[in-house]
Amino acid sequence: MRTDKKDLQLNKFLVFMNALVPLALVAWDGFRHQLGVNPVEFLIRYFGVMALVFVLVTLTITPLRKIFGWGFLIKYRRMLGLFAFFYACLHLIAYLGFDRGWSLSSTLADVIKRPFITIGMASFLMLVPLAITSTDRMLHRLGAKRWLKLHKLVYVLAIGGVVHFYMIVKSDVFWPLVFAFILMILLGYRLYARQQKNTPKPKTQPKKTA
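Residues numbered from 1 in each chain as written. Predicted model: local features only at pLDDT ≥ 70, side-chain atom pairs only at ≥ 80, totals over all residues. Heavy atoms only, no water.

- As annotated in an unreviewed UniProt entry, the protein carries the name Protein-methionine-sulfoxide reductase heme-binding subunit MsrQ and is attributed to Hydromonas duriensis.
- Per its UniProt entry, the protein bears the Sequence similarities (unreviewed entry) comment "Belongs to the MsrQ family."
- UniProt, in its Subunit (unreviewed entry) section for the protein, records the words "Heterodimer of a catalytic subunit (MsrP) and a heme-binding subunit (MsrQ)." (UniProt positions renumbered as here; feature names shortened; annotations may be inferred.)

Dropping the structure here:
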């Protein structure tokens, strides 16, 4: 049992370090001044995309667990979800600091004026309570039913994140459409699984004996 615990700790450490790789790569590019002609726009979009990637990775765990029986993946879902929040925070910080100059009035005006900013901000705000309630203590405090109901917000914010991404790129929509396709599969699987669960199984007739 100690070996299993050590293996879990090691695996979590590896997941943690790999989740920081995107941050390390962009930090290295920034150090070498290789963030393109518009570093501010690049950083904002980069962190936003990484947040969306981690949201989708988190949503992928349930299908993998149920289809292939990879129950061990559930142990890493919370960490992956928190990394989605982490990169979403960096996305917001980059936007507030570099684009808006930390001006709350300018940010509020931007949120009201531009719909894609409104959708992005709404998606981030939905992610906040999910991060806050990600601990076992909050799960017990809220109760399983209320906790599960709250965490279904991830589906709404994932849709909002994809729409936000699509509206930002304007012309080159290839990657937003890829994200939308992946999300459609993930949500479609959940609808299918729910339908199968609610469909009553036909009763087997007892065999007649001669």
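1. Some remarks on the UniProt feature "transmembrane region" (unreviewed entry) in the protein
Item 1. As recorded in UniProt, the feature "transmembrane region" (unreviewed entry) lies at residues 12–31, 43–64, 76–96, 116–132, 153–169 and 175–193.
Item 2. Counting secondary structure, residues 76–96 comes out at 100% helix and 0% strand; the distance between its end C-alpha atoms is 30 Å.
Item 3. Between the first and last C-alpha atoms of residues 175–193 the distance is 27 Å; the span itself is 100% helix and 0% strand. (Helix = DSSP H or I, 4+ residues; strand = E, 2+ residues; numbered from the N terminus.)

2. Describing the side chain of serine 123
Item 1. In this structure, serine 123 sits in helix α6 (residues 115–132).
Item 2. Take serine 123: its relative accessible area is 7%, and that puts it in the buried class.
Item 3. Not counting residues within four places of it along the chain, the set of residues in contact with serine 123 comprises Leu157, Gly160 and Gly161. (Buried < 20%, exposed > 50% of the residue type's maximum accessible area, 1.4 Å probe, protein only. Contact = heavy atoms within 4.5 Å.)

3. Some details on the UniProt feature "domain: Ferric oxidoreductase" (unreviewed entry) in the protein
Item 1. The sites that UniProt annotates as "domain: Ferric oxidoreductase" (unreviewed entry) are residues 48–161.
Item 2. Between the C-alpha atoms that bound residues 48–161 there is a distance of 8 Å. The span itself is 87% helix and 0% strand.

4. Some remarks on a nonpolar patch on the surface
Item 1. Taken together, Leu10, Phe13, Leu14, Phe16 and Met17 make up a surface patch of nonpolar side chains, about 470 Å² in accessible area.
Item 2. Considering the arrangement of structural elements, one finds methionine 17 in helix α1 (residues 2–19). (Patch = residues over 30% accessible without salt bridge, like charges linked within 9 Å, V, L, I, M, F, W, Y side chains within 5 Å. Areas by Shrake-Rupley, 256 points an atom, 1.4 Å probe, with all protein chains shown as cover. Salt bridge = Lys/Arg side-chain N within 4 Å of Asp/Glu carboxyl O.)

5. Let's talk about the nonpolar core
One broad trend across soluble globular proteins is that nonpolar side chains are buried collectively.
Item 1. Residues Phe47, Phe54, Val55, Leu59, Tyr87, Tyr95 and Leu183 are the most contacted members of the largest nonpolar core, which totals 46 residues.
Item 2. Sorting the residues of this core by element identifies α3 (39–68), α4 (74–99), α6, α9 (153–169) and α10 (174–198) as the ones contributing at least two each.
Item 3. Of the residues forming this core, the biggest block, 12 residues, is contributed by α3.
Item 4. If we skip the residues at most four places from it in the chain, tyrosine 95 touches Ile44, Arg100, Thr107, Asp110, Ile117 and Met121. (Core = buried A, V, L, I, M, F, W, Y, C linked by side-chain atoms within 4.5 Å.)

6. Observations regarding the environment of aspartate 110
Item 1. Summarising the element assignment, aspartate 110 is placed in helix α5 (residues 104–113).
Item 2. Using a relative accessible area of 6% as the deciding quantity, one classes aspartate 110 as buried.
Item 3. In this structure, the C-alpha to C-alpha distance between aspartate 110 and serine 171, residues 61 residues apart in sequence, is 21 Å.
Item 4. Excluding its chain neighbours within four sequence positions, the residues that come into contact with aspartate 110 are Tyr95, Asp99, Arg100 and Ile117.
Item 5. Only 2.6 Å separates the side chain of aspartate 110 from the side chain of tyrosine 95, close enough to count as a polar contact. (Polar contact = N/O pair within 3.5 Å; in protein donor to acceptor, adjacent residues only side chain to side chain.)

7. Points about unusual backbone geometry
Working note: non-glycine residues mostly have negative phi, and peptide bonds are mostly trans.
Item 1. You will see that histidine 33, though not glycine, has its phi angle at about 55 degrees, which is positive.
Item 2. Along the chain, the position of histidine 33 falls in the loop between α2 (21–31) and α3.
Item 3. On the accessibility criterion, histidine 33 (74% relative accessible area) is exposed.
Item 4. The residue tryptophan 102 is not glycine, and still its phi comes out positive at about 65 degrees.
Item 5. Tracing the backbone through its elements, the reader meets tryptophan 102 in the loop between α4 and α5.

8. Looking at the packing of aromatic side chains
Item 1. One pass over the full model with this rule turns up 14 aromatic pairs.
Item 2. Ring centres of tryptophan 28 and phenylalanine 31 lie 5.8 Å apart, and the angle between their planes is 20 degrees; this geometry places the pair in the stacked category. Within this pair, tryptophan 28 and its partner phenylalanine 31 are both found in helix α2, separated by three residues, close to a single helical turn.
Item 3. Judged by its relative accessible area of 47%, tryptophan 28 is partly exposed.
Item 4. Three or more aromatic residues joined by ring pairs form one cluster here, namely Phe16, Phe42, Tyr46, Phe47, Phe54, Phe83, Phe86 and Tyr87. (Phe/Tyr/Trp six-rings, centres within 6.5 Å; stacked < 30°, edge-to-face > 60°.)

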